[in-house]
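# Breakdown of the fold
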Amino acid sequence: MKQSNIRAPAAQSAPVEVIPQGAPLGAEVRCGDLRVLDETGFAALRQAWLDNLVIVIRGQTLSDSELMAFGRRLGELDAAPLAKTGNEKARAHEEVIVVSNVMEDGKPIGVLRDAEVVWHSDNSYRDLPLSFSALYSLEVPPTGGDTGFANMYRALETLPADLRRRIDKLTIKHDMTYNSVGDLRAGFKPVTNVRDAPGPSHPIVRTHAETGYNALYLGRRPNAYIDGLPVEESEQILEALWAHATQPQLTWHHQWRVGDLLIWDNRCVMHHREPFDAGSRRVMHRIQGKGDKPVQRAGAMSAPHPRSSR
């Protein structure tokens, strides 16, 4: 789909209105045209993102260049070097990942197809996982393809006490070989033993670098392994953690419209995508921000994150 080249109108920034969703996370931010959002408005939008973990801004008309320009206001952009299977069309911009099921001349224009995408945190398989992801909708199917989000602050706060004690100071190895729909990434071989999977280890309890609150940090379930434990014990604990973190009372699901820009915080959120009809077109452009090394800080806030009580 050809993107609009309409330039930003000469206009003043609109007032920012934040409308929390009726869920443990998520808010709609009404701020008019993002291309003319002033510094005061942007500061309000960014705070809404930190407070609500996920925000949606509707009705946008952005070229890739404009999408990247907005993303750079949030932080340094990441080029996602491993977000490739080796089969898809080359990107027009290294910083923009096309997420789509559309084929052109027998070749995918993007990644992740039309399959269900498992619960995960973007790029947890890297030493420095992402801070934010932003997904912009160009084409959406009539049904399906909704994106769900889980509040990982709240997931940690509501863990059974014995499980919370059990995971303290433990780390998870995050597998690099497969993406979130199970496609083998370019340059990797299939994994047969989770202990041998390539990838970094990160603490299961992570302290958010900006808010100071602790969150559960899981990455993605397939090929995850808790370092130092027998595989069977690791599997039992991981199953319990994922079952707890993805309970309906901890989640919110977004139904897409064309022109939606959705921004989420990978440091305290997991997400997944529902499947949709393979005969329907879905085209999204994604940018993502560089992050920091996950750590669990001594003395981090134990009180509930403000959004958890809503």
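Since the structure is predicted, the reported quantities are computational estimates derived from the model, not experimental observations.

What follows is about the sheet that holds strand β16 (residues 251–254). Strand order in the open sheet formed by four strands is β8-β18-β10-β16, and the pairing between neighbours is antiparallel. If you trace the sheet from one side to the other, it starts and ends with β8 (117–120) and β16, each paired once. Each strand axis lies, on average, 15 degrees off the axis of its neighbour in the sheet, ignoring direction. Sheet topology places strand β10 (residues 147–151) next to strand β18 (residues 269–273); five bridges connect them, and they run antiparallel.

With 92% of its residues at a pLDDT of 70 or more, the protein has an overall mean of 90. Below a pLDDT of 50 lies the segment residues 1–10, which in the model reaches 20 contacts outside its immediate sequence neighbourhood of four places, other chains included.

What follows deals with unusual backbone geometry. The phi dihedral of D105 falls on the positive side, at around 55 degrees, and the residue is not glycine. Among the secondary structure elements, D105 is positioned in the loop between β5 (103–104) and β6 (107–108). By relative accessible area, D105 is classed as exposed at 85%.

We now examine the sheet that holds strand β19 (residues 283–288). With mixed pairing, the eight strands of this open sheet are ordered in space as β1-β2-β3-β17-β9-β19-β4-β7. Among the strands making up the open sheet, the edge pair consists of β1 (17–20) and β7 (111–112). Sheet strands touched by helix α2 (residues 64–74): β9 (132–139), β17 (261–265) and β19. Its angle to β19, the strand with the most contacts, is close to 35 degrees.

Here the structure, examined in full by the defined rule, presents five aromatic pairs. For the ring pair W49 and F132, a centre distance of 6.3 Å and an interplane angle of 90 degrees mean the geometry is edge-to-face. A residue pair is termed long-range when its members are at least 10 positions apart, and W49 in helix α1 (residues 39–52) and F132 in strand β9 qualify at 83 residues. The burial state of W49 is the same as that of F132; both residues are buried. Residues Y153 and Y213 carry aromatic rings whose centres are separated by 6.0 Å and whose planes lie at 70 degrees to one another, so their mutual orientation is edge-to-face. Taken together, the residues span a long stretch of sequence, with Y153 in helix α3 (residues 152–157) and Y213 in the loop between β13 (205–207) and β14 (214–216) at a distance of 60 residues.

Let us look at α2. Every buried residue belonging to α2 is among D64, E66, L67, M68, F70, G71 and L74, and all of these are buried. Summarising the contacts, the buried residues of α2 are in contact with α1, β9, β17 and β19.

This part is about helix α5 (residues 231–245). The end-to-end C-alpha distance of α5 is 21 Å, a good match for the 21 Å that 15 residues give at a rise of 1.5 Å each. The complete set of buried residues in α5 reads S234, I237, L238, L241, W242, H244 and A245. Relative to the axis of α5, the buried residues are bounded by an arc of 160 degrees and lie together on one face. Structural note: α5 exposes E232 and Q236 on the side pointing more than 90 degrees away from its buried face.

Moving on, we get to the side chain of H202. Tracing the backbone shows H202 in strand β12 (residues 201–203). When its relative accessible area of 1% is taken as the criterion, H202 is described as buried. A polar side-chain atom of H202 sits 3.1 Å from the main-chain carbonyl oxygen of S124. For H202, the side chain forms a polar contact with the main-chain oxygen of R126, separated by 2.9 Å. Setting aside residues up to four positions removed in sequence, H202 forms contacts with S124, R126, D127, P129, L170, T171, I172, H174, Y217 and P294.

Thresholds applied
Residues numbered from 1 in each chain as written. Predicted model: local features only at pLDDT ≥ 70, side-chain atom pairs only at ≥ 80, totals over all residues. Heavy atoms only, no water. Pairing = 2+ DSSP bridges. Helix = DSSP H or I, 4+ residues; strand = E, 2+ residues; numbered from the N terminus. Axes fitted to C-alpha atoms, helices over the stretch in contact; angles between N-to-C directions. pLDDT = per-residue confidence, 0-100. Contact = heavy atoms within 4.5 Å. Buried < 20%, exposed > 50% of the residue type's maximum accessible area, 1.4 Å probe, protein only. Phe/Tyr/Trp six-rings, centres within 6.5 Å; stacked < 30°, edge-to-face > 60°. Expected span 1.5 Å × (residues − 1). Arc of directions from axis to C-beta. Polar contact = N/O pair within 3.5 Å; in protein donor to acceptor, adjacent residues only side chain to side chain.

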